[in-house]
Amino acid sequence: MSKTALITGSARGIGAAIAIRLAKDGYDIALNDISESMFENNETVEAIKALGRQCEIFVADVSDHSQCEKIVKDIKARFGSIDCLVNNAGITRDGLAARMPEEQYDLVIAVNQKSVFNMMKLVGSVMLRQKSGKIISLASVAGLYGNPGQINYSASKGAIIAMTKTMAKELGSRGITVNAVAPGFIKTPMTDKLTDEQREKMLELIAMKRYGLPEEIAGVVSFLASDDSSYVTGQVIEISGGLMM
Ligand code: NAP
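Described in the following lines is the structure provided in the data block. In this text, all values refer to a predicted model and were calculated from it rather than measured experimentally.

**A short note on the overall build of the protein chain**
Working step 1: A count of helices and strands for the protein chain gives eight helices and seven strands.
Working step 2: Computed over C-alpha atoms, the radius of gyration of the protein chain comes to 17 Å, within 12% of the 18 Å expected from 2.2 N^0.38 for 245 residues, which places it in the range of a compact globule.
Working step 3: The principal-axis extent of the C-alpha atoms belonging to the protein chain is close to 50 × 35 × 35 Å.
Working step 4: Put simply, the protein chain has 245 residues, and 48% of those count as buried.
Working step 5: Contacts in the protein chain between residues at least 24 apart in sequence constitute 73% of all its contacts with a sequence separation of at least 6.
Working step 6: For the protein chain, the distance from the average position of its 27 positive side-chain charges to the average position of its 28 negative side-chain charges is 6 Å.

Written out as structure tokens, the structure is:
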């Protein structure tokens, strides 16, 4: 029987690259994003179908527990199992702490962190019954080292690292592995928003003197979603071209 992977926020960027890579690895794919319009003229679905895999879109705001509950039920009904969960959906709303409105802090925590609770809880329950599964979450170097102007984002990503370790301990005895990746600076619509000055500064700190590609994140997620990582759990793998060594 084929396996199914759910990737949140996968209409574009790193999530889309992960979805295509996991389809290449043999997973059927449940795509998710916050609105149907994100999938208009979207090449990801066609790319996955061309690989001979099943692919369906499940629209939900993953910060909303009841919307998550609905799509997890629908995915289970459609595919029969959920074997891999990739918590990828994320946003930035940057600003210095002293000037950050409370709502700006709360929004990033809800989308980046509460969504991971929602999905780890709901998909985790499905995996507990299956007695198998792979959970991989997108943290960030901001969650490991902090980043000025990102108190909300770095808090959410640091929390994902702690949640990964907690869930690895809660689910490990049932054959479920729970890991995180911490990307550095990856070329996507999220980082296209940075100024040239911010980009130059970041490049100086990267040993490999280039930015990463979404496919380079997808490769590591592929390893964590495969049997090759069967004894790896509770870990955070940094993918940053050698930042802050
Ligand atoms: P992206 O291009 O902005 O893609 C993120 C996707 O998630 C977007 O399609 C976005 O839709 C969707 N999304 C946002 N809020 C959502 C919600 N509430 N429910 C469902 N989907 C939602 O970002 P990316 O650069 O690929 O980043 C993917 C992940 O990697 C994020 O968790 C990010 O924090 C992490 N990461 C990225 C980098 C980097 O350098 N790019 C570095 C470290 C970590 P909208 O466009 O409508 O918001």
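Resuming the write-up.
**As for the sheet that holds strand S1 (residues 4-7)**
Working step 1: Across the sheet, which stays open at both edges, the seven strands sit in the order S3-S2-S1-S4-S5-S6-S7 with parallel pairing between neighbours. The open sheet is flanked by strand S3 (55-59) and strand S7 (236-239), the only strands paired with a single partner. Here the average twist between neighbouring strands, direction ignored, is 20°.
Working step 2: Across the sheet, helix H4 (residues 102-130) touches S1, strand S4 (84-87), strand S5 (133-138) and strand S6 (176-183), and the angle it forms with S4 is around 175°.
Working step 3: Contacting S4, S5, S6 and S7, helix H8 (residues 214-224) crosses the sheet at an angle of about 165° to S6.

**Topic: the nonpolar core**
Working step 1: Counting 33 residues, the largest nonpolar core has Leu6, Met119, Val123, Ile135 and Val178 as its most contacted members.
Working step 2: Looking at this core, the elements with two or more residues in it are helix H3 (65-79), H4, helix H6 (151-171) and S6.
Working step 3: Counting residues in each nonpolar core, the second largest holds 28 residues, with Ile14, Ala19, Ile48 and Leu138 among its members.

**A closer look at the site of the ligand**
Working step 1: Around the ligand sit 29 residues, and of these Arg12, Asn88, Tyr153, Ile186 and Thr188 come closest.
Working step 2: Within the backbone of Ala60, a nitrogen or oxygen atom sits 3.5 Å from a nitrogen atom of the ligand.
Working step 3: A distance of 2.6 Å is found between an oxygen atom of the ligand and a side-chain nitrogen or oxygen belonging to Tyr153.
Working step 4: Sorting the residues of the shell around the ligand by element identifies helix H1 (13-24), strand S2 (28-33) and H6 as the ones contributing at least two each.
Working step 5: Split by residue class, the shell around the ligand holds 16 nonpolar, nine polar and four charged.

Criteria and cut-off values
Residues numbered from 1 in each chain as written. Predicted model: local features only at pLDDT ≥ 70, side-chain atom pairs only at ≥ 80, totals over all residues. Heavy atoms only, no water. Helix = DSSP H or I, 4+ residues; strand = E, 2+ residues; numbered from the N terminus. Rg over C-alpha atoms; globule rule 2.2 N^0.38 Å. Buried < 20%, exposed > 50% of the residue type's maximum accessible area, 1.4 Å probe, protein only. Contact = heavy atoms within 4.5 Å. Lys, Arg positive; Asp, Glu negative; His and termini not counted. Charge placed at Lys NZ, Arg CZ, Asp CG, Glu CD. Pairing = 2+ DSSP bridges. Axes fitted to C-alpha atoms, helices over the stretch in contact; angles between N-to-C directions. Core = buried A, V, L, I, M, F, W, Y, C linked by side-chain atoms within 4.5 Å. Near = heavy atom within 4 Å. Polar contact = N/O pair within 3.5 Å; in protein donor to acceptor, adjacent residues only side chain to side chain. Nonpolar A, V, L, I, M, F, W, Y, C, P; charged D, E, K, R; others polar.

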